[in-house]
Amino acid sequence: MTDIKVIKTTDAPAAIGPYSQGILVGPFLFVSGQLPIDPISGQLVVGEVKDQVHQSLKNLKTIIESAGGTLENAVKTTVFLKDMNDFAQVNEVYGQYFKDHYPTRSAVEVACLPKDAKVEIEAIFYIG
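Residues numbered from 1 in each chain as written. Predicted model: local features only at pLDDT ≥ 70, side-chain atom pairs only at ≥ 80, totals over all residues. Heavy atoms only, no water.

### As for the pairing of strand β6 (residues 119-126)
Test applied: Whether two strands pair depends on DSSP finding at least two bridges between them. Numbered from the N terminus, helices here are DSSP runs of H or I no shorter than four residues, and strands are runs of E no shorter than two.
Strand direction decides the pairing type here: strand β3 (residues 28-34) and β6, joined by five bridges, are antiparallel. Bridging from a neighbouring strand, F30 pairs with I124 of β6. As paired strands, strand β4 (residues 74-81) and β6 are joined by seven bridges and run antiparallel to one another. Looking at the pairing, L81 lines up with V119 of β6.

Structure representation (structure tokens):
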């Protein structure tokens, strides 16, 4: 059986429930949905959806880096949006983090997100 390793870093927001920031299984890292929570204050970033997308992606970046990878290792992301009308703004920020390597992606509108966030982003990485 493949070893399962829990990934946890204090440089990203702590889980707000009974789940892990990330789980490394073989060469794959599964990162839980990252809300736009500032890891220092523990508070949701307020403001435009762009500000929230930046923070969610910074949190993802921190977790993958703590596991020894980079955003270039991303193979799949899922973006949960409170309002699909924000999609263009999400793409604008998203493109600043994924420039030459675009992982596969799904984007869905949801009725509500924890802490009334505008966005949440989860990802799967390959660290081979």
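Alright, that's what it looks like, and here's the rest.
### Details of the nonpolar core
Stated formally: We call a set of buried residues a nonpolar core when its members are Ala, Val, Leu, Ile, Met, Phe, Trp, Tyr or Cys and they connect through side-chain atoms within 4.5 Å of each other. Any residue under 20% of the maximum accessible area for its type is buried, any over 50% is exposed, and the rest in between are partly exposed; the area is computed with a 1.4 Å probe on protein chains only. In this analysis, two residues are considered to be in contact whenever any of their non-hydrogen atoms come within 4.5 Å of each other.
The biggest cluster of nonpolar side chains holds 25 residues, and the ones touching the most others in it are L29, V53, L57, V79, F98, I121 and F125. At the level of secondary structure, the elements contributing two or more residues to this core comprise β3, α1 (49-66), β4, α2 (87-97) and β6. If one sorts the elements of this core by residue count, α1 sits on top with six residues. Not counting residues within four places of it along the chain, the set of residues in contact with V53 comprises V90, V93, Y94, V119 and I121. Formed by five residues, the second largest nonpolar core is a distinct cluster that contains I37, F80, L113 and A117.

### A short note on the sheet that holds strand β5 (residues 104-109)
Here is the rule: Angular values range over 0 to 180 degrees, each being the angle between N-to-C directions of two axes fitted as lines to C-alpha atoms, with helices fitted over their stretch in contact.
Strands sit in the order β1-β2-β3-β6-β4-β5 across an open sheet of six strands; the sheet is mixed. Looking at which strands have only one partner, the edges of the open sheet turn out to be β1 (4-7) and β5. For this sheet the average axis-to-axis angle between neighbouring strands, irrespective of direction, equals 15°. Taken strand by strand, α2 contacts β4 and β5, and its axis lies near 145° from that of β4.

### Concerning the pairing of strand β2 (residues 22-25)
Burial along β2 is one-sided: G22 and L24 are buried, and none of I23 and V25, which face the opposite way, are. Sheet analysis places β1 next to β2, joined by four bridges and oriented antiparallel. Bridge assignment links V6 to a residue of β2, and that residue is I23. Relative to β3, β2 runs antiparallel, the two sharing four bridges. In the strand pairing of β3, V25 is matched with F28. Remark: two residues form the turn of the hairpin made by β2 and β3, two consecutive strands paired antiparallel; G26 in that turn has positive phi of roughly 60°.

### Things to note about the environment of C112
Mapped onto the elements, C112 comes out in the loop between β5 and β6. In this structure, the C-alpha to C-alpha distance between C112 and F80, residues 32 residues apart in sequence, is 9.4 Å.

### Examining the packing of aromatic side chains
Each aromatic ring pair is characterised by the separation of its centres together with the angle its planes make. Definition in use: For Phe, Tyr and Trp, rings pair up if their centres lie within 6.5 Å, where Trp contributes its six-membered ring, and each pair is then called stacked (planes under 30 degrees apart), edge-to-face (over 60) or tilted (otherwise). Lysine and arginine charges are scored as sitting over a ring when NZ or CZ, respectively, is within 6 Å of the ring centre and within 35 degrees of the ring normal.
Applying the stated criterion across every chain yields a total of three aromatic pairs. Between F28 and Y126, the aromatic rings sit 5.2 Å apart at their centres with planes inclined by 65°, giving edge-to-face as the arrangement. Pair noted here: F28 is in strand β3 and Y126 is in strand β6, with a separation of 98 residues, a long-range link. Looking at F28, the relative accessible area reads 34%, which means it is partly exposed. Between Y94 and F98, the ring centres sit 4.7 Å apart and the planes meet at 40°, which makes this aromatic pair tilted. In terms of burial, Y94 and F98 fall into one category: buried. Here the aromatic residues F28, F30 and Y126 are joined through ring pairs into a cluster of three or more. One cation-aromatic arrangement involves R105 over Y94; the distance from NZ or CZ to the ring centre is 4.5 Å.

Geometric descriptors of this kind do not, in isolation, establish any biological role.
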